[in-house]
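# Examining the three-dimensional arrangement
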Amino acid sequence: MNFGLSNEQQMIVDTVRGFVEKELYPHEARVEREGEVPRELGEEIARKCRDIGFFAANLPEEVGGGGLGHLDFTLLERELGRASMALSVFFGRPSGILMACAGEQRERYLLPAARGEKYDALAMSEPDAGSDVRGMKCAAKPDGDDWIVNGTKHFISHADIADFVIVFIATGEEETAAGVKKKITCFLVDRGTPGFEIRKGYNSVSHRGYHNCILSFDDCRLPKAQILGEVHRGFELANDWLYGTRLTVAAMSVGRARRAFDYAVNYAAERKQFGQKIGRFQGVSFKLADMVTEIDAADWLTLSAAWRLDQELPANREIASAKLFATEMLARVTDEAIQIHGGMGLMDDLPLERFWRDARVERIWDGTSEIQRHIISRELLRPLGC
Amino acid sequence: MKVLVPIKRVIDANVKVRVKADNTGVETANVKMAMNPFCEIAVEEAVRLKEAGTASEVIVVSAGAAQAQETLRTGLAMGADRGILIQCDSDPEPLAVAKLLKAVVEKEGPELVILGKQAVDNDNNQTGQMLAALLGWPQGTFISKVEKTDGSFAITREVDGGLEKLEIKAPAVVTTDLRLNEPRYASLPNIMKAKKKPIDTMTPADLGVDVSPRLTVVSVTEPPARKAGVKVASVAELVDKLRNEAKVI
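Just so you know, these numbers come straight off a predicted model, no measurement behind them.

Take the overall build of chain A next. Per the secondary structure count, chain A includes eleven helices and ten strands. Relative to the compact-globule value of 21 Å for 386 residues, chain A shows a C-alpha radius of gyration of 22 Å, a close match. Seen along its three principal axes, the alpha-carbon backbone of chain A occupies a region of about 80 × 55 × 40 Å. Counting every atom, chain A has about 17,500 Å² of accessible surface; 51% of that belongs to carbon and sulfur. Once the 49 positive and 59 negative side-chain charges of chain A are each reduced to a mean point, those two points are 4 Å apart.

Set out below in structure tokens:
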């Protein structure tokens, strides 16, 4: 067993950390204040990311990506997680599911996404279908070789900057042991397709400037060439590719927790009350001890899950554990970082109140903590016939 | 033209340095190390010379512990072609480093050696000058610009109150100031390529250099804590204090 980073991994970490500190941190306060990343700034970040060959680092080299393995990419995501998501989204990481593109779809979607010419977004959630993905209502009916789509998607992250959206749509129903479930098909939908609209979403407490959108389909006609993968196989496609997003959430949570922790530990070593540094009070120092222990635990849990993917070992349960623990850890660590700072921690002069707000969504999106616990416990008990 | 870039592994410039409890040095255990920032500027300049077609090969060299190899890899990931590690038991002193570098220069035959003007650990600002003296080469220190002309280098130095422009004959030694350039990020393809680039390892004995220390560190202590300031009520009082208490005017 080797817990050390290779030279290359350390350089990836150092480079991304340097990029984040120099190119993203300076813009955070403004993005937070204005709730928006000016498109020129986003493009500039993307260009700099391309210049250093890190754009689409997650995609294989043969399609123009950086060809990083899961562990290396997770290290990258961890460092990116330190910065505001509104900015880090431009450090391009197209959805891995685009590798399912076939034939001319590769030219139209996969390759431009890897080159940073087109941005993708991913749409699953609906007002009445959150965790219950197969209860979705947005539906497509066949019409000759085409499909006619009606319905609504919401909470669609960064669809406002997307040129196309990877959308999961119900294309039928089937009887299963757990009752009637939707059959799902995955479609690639271009911005500007008649009958398809991307609208501004809700104002979220988390990740200001990183917008969620509402997608509406009104008799939207999609040719069968827009189907990603196979008809009715969208749920399986999602399961094959979307584990990555949970690992991303875990890794980014670890990165942000480290940043919050750095503030806390430095403050404890400097701030004086009752005639001494507050870090000399056990009430504060033991908090720091617990925080770093939890961060390290989440870090190793996340990296080991990524390592399992590289080894082609089963990793579903481990990824769920990492996502569950890292996001809940982030909530505790950002909360305690504020507690150590006292009132100042609540003021927007420091980024701690932002970390604390941003932490809230991590336990919800990409599968709630409850869904992760469901995945973990199911993997434990199913083999035992329970 | 071959360019040799000596680089040093130091405590990361962002780390708050702590003095060891026994006052023999600074704490380096579990402390993040990185390439000396002035050395990064030197590597960047050499790589730019190569990209401009002026340099044919960029060699990075470091004298220090085995871990200096990581710093060499960073130089390779920035675009240097190969590395030389002179493995030493402890960090050699500036004169020893200069002697080691002289031996490397004689072996490799570069036309230009670019060093950082100083390392941020000990701030000696000696190695470049000593190397030039040992080689009998012209030197340009604290440069903010370097251009190859026929058989010489046109350099700009940052000096008190302005810029000094000089022409020095090749081969030469130059040391970089902060404003020479902004070092690049190591690109992902170059990080991956760095692994395959060669690093030769040698020892001071291989180069026939005695690196045994000539200096003795008596004690390393924290700088004195800054004293609290005072508020003055008037300009007259300020002048009085500056003259009679601080004795600076």
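After that view, the rundown keeps rolling.
Check the secondary structure of chain B and you find six helices and eleven strands. On the principal axes, the C-alpha backbone points of chain B span a range of 65 × 45 × 40 Å. Taking all 249 residues of chain B together, 43% fall into the buried category. Restricting the contact set of chain B to residue pairs at least 6 apart, pairs at least 24 apart contribute 69%. Of the roughly 13,400 Å² of accessible surface on chain B, 50% is carried by carbon and sulfur atoms. Computed over 33 positive and 33 negative side-chain charges, the separation of the two mean positions in chain B equals 2 Å.

Looking along the chain, the bond that leaves A170 of chain B and enters P171 of chain B is cis, with omega of -5°. By secondary structure assignment, the location of P171 of chain B is in the loop between β9 (162–169) and β10 (172–176). Phi is positive for A56 of chain A, close to 55°, though the residue is something other than glycine. Even without being glycine, F155 of chain A reaches a positive phi, approximately 60°. Relative to the helices and strands, F155 of chain A resides in strand β3 (residues 146–157).

Right, let's get into the sheet that holds strand β7 (residues 139–149) of chain B. Residues and elements named next belong to chain B. Ordered by their spatial adjacency, nine strands build an open sheet running β9-β8-β7-β10-β6-β1-β4-β5-β11, and the pairing between neighbours is mixed. Bordering the open sheet on either side are β9 and β11 (199–202), each of which pairs with just one other strand. For this sheet, the mean inter-axis angle between neighbouring strands, taken without regard to orientation, is 30°. Strand direction decides the pairing type here: strand β1 (residues 2–6) and strand β6 (residues 112–116), joined by two bridges, are parallel. If you follow L4 over to β6, its bridge partner there is V113.

What follows is about the pattern of salt bridges. One side chain can pair with another of opposite charge once the charged atoms of both are near each other. Residues and elements named next belong to chain A. The tally for this structure, following the rule as stated, stands at 52 salt bridges over all chains. Among the salt bridges present, the one from R134 reaches E174, with a minimum N-O distance of 2.6 Å. Of this pair, R134 sits in the loop between β1 (120–123) and β2 (139–143) while E174 sits in strand β4 (residues 164–176), and the two are 40 residues apart along the sequence. On the accessibility criterion, R134 (19% relative accessible area) is buried. Three or more residues joined by partner-sharing salt bridges are found here, namely R17, R78, E79, R258, D296 and D299.

Bringing a nonpolar patch on the surface into the picture now. Residues and elements named next belong to chain B. On the surface, a cluster of nonpolar side chains totalling about 380 Å² of accessible area is made up of V235, V239, V248 and I249. For V235, the position within the fold is in helix α6 (residues 235–244). Looking at V235, the relative accessible area reads 65%, which means it is exposed.

At the interface, 16 residues of chain B touch 18 residues of chain A. For the pairing of chain B and chain A, the buried interface totals around 1,400 Å² over both sides, and the portion due to carbon and sulfur atoms is 62%. On the chain B side of the interface with chain A, the three residues burying the most area are Y185, L188 and I191 of chain B, jointly 49% of the side's total. Inspection of the region where chain B meets chain A yields two salt bridges. K32 of chain B is the partner of D14 of chain A in a salt bridge, and the nearest nitrogen-oxygen pair spans 3.5 Å.

Packed helices, taken two at a time, are described by the angle between their axes plus the distance between the axes. Residue and element names in this part refer to chain A. Direction vectors running N to C along helix α1 (residues 7–34) and helix α3 (residues 70–80) enclose 25°, while the axes themselves pass 9 Å from each other. One way to sum up the angle between α1 and α3 is to call them roughly parallel. Handedness of the crossing formed by α1 with α3: right-handed. Contact residues: Q9, I12, V13, V16, R17, V20 and L24 in α1; L71, D72, L75, L76, R78, E79 and L80 in α3.

Counted according to the given criterion, the structure contains twelve aromatic pairs over all chains. An aromatic cluster is present here, built from F19, F54 and F91 of chain A together with Y185 of chain B joined pairwise through their rings. The residue whose ring lies beneath R50 of chain A is F55 of chain A, and the NZ or CZ to ring-centre distance is 5.5 Å. Directly above the ring of F142 of chain B sits K117 of chain B, whose terminal nitrogen or CZ lies 5.3 Å from the centroid.

What follows is about the pairing of strand β5 (residues 179–190) of chain A. Bridge analysis of β4 of chain A against β5 of chain A gives twelve bridges, and the strand direction is antiparallel. Bridge pairing in β5 of chain A places F168 of chain A opposite C186 of chain A.

Take the environment of S234 of chain B next. Residue and element names in this part refer to chain B. Take S234: it is sitting in the loop between β11 and α6. By relative accessible area, which is 34% here, S234 ends up partly exposed. Here E237 takes part through its backbone nitrogen, which lies 3.1 Å from a polar atom of the side chain of S234.

Another aspect to go through is helix α1 (residues 37–51) of chain B. All names here are of chain B. With 15 residues, α1 should reach 21 Å at 1.5 Å per residue; the first-to-last C-alpha distance of 21 Å fits that figure. Within the span of α1, buried status applies to F38, C39, I41, A42, V43, E44, E45, A46, V47 and L49. The positive-phi residue at the C-terminal boundary of α1 is G53, with phi of around 85°.

Glancing now at the confidence of the model for chain B. Residue and element names in this part refer to chain B. When pLDDT is averaged along chain B, the result is 94, and 100% of the positions lie at 70 or above. At the level of individual helices and strands, chain B shows its lowest average pLDDT in α6, which scores 92, and its highest in strand β5 (residues 82–87), which scores 98. Two summary scores accompany this predicted model of the complex, namely pTM at 0.89 and ipTM at 0.85.

Rules used in this analysis
Residues numbered from 1 in each chain as written. Chains lettered and ligands numbered in written order. Predicted model: local features only at pLDDT ≥ 70, side-chain atom pairs only at ≥ 80, totals over all residues. Heavy atoms only, no water. Helix = DSSP H or I, 4+ residues; strand = E, 2+ residues; numbered from the N terminus. Rg over C-alpha atoms; globule rule 2.2 N^0.38 Å. Areas by Shrake-Rupley, 256 points an atom, 1.4 Å probe, with all protein chains shown as cover. Lys, Arg positive; Asp, Glu negative; His and termini not counted. Charge placed at Lys NZ, Arg CZ, Asp CG, Glu CD. Buried < 20%, exposed > 50% of the residue type's maximum accessible area, 1.4 Å probe, protein only. Contact = heavy atoms within 4.5 Å. Pairing = 2+ DSSP bridges. Axes fitted to C-alpha atoms, helices over the stretch in contact; angles between N-to-C directions. Salt bridge = Lys/Arg side-chain N within 4 Å of Asp/Glu carboxyl O. Patch = residues over 30% accessible without salt bridge, like charges linked within 9 Å, V, L, I, M, F, W, Y side chains within 5 Å. Buried area = accessible area lost by both parts, 1.4 Å probe. Parallel < 35°, antiparallel > 145°, perpendicular 65-115°, else oblique. Left-handed = near helix turned anticlockwise from the far one by under 90°. Phe/Tyr/Trp six-rings, centres within 6.5 Å; stacked < 30°, edge-to-face > 60°. Lys NZ or Arg CZ within 6 Å of the ring centre and 35° of its normal. Polar contact = N/O pair within 3.5 Å; in protein donor to acceptor, adjacent residues only side chain to side chain. Expected span 1.5 Å × (residues − 1). pLDDT = per-residue confidence, 0-100.

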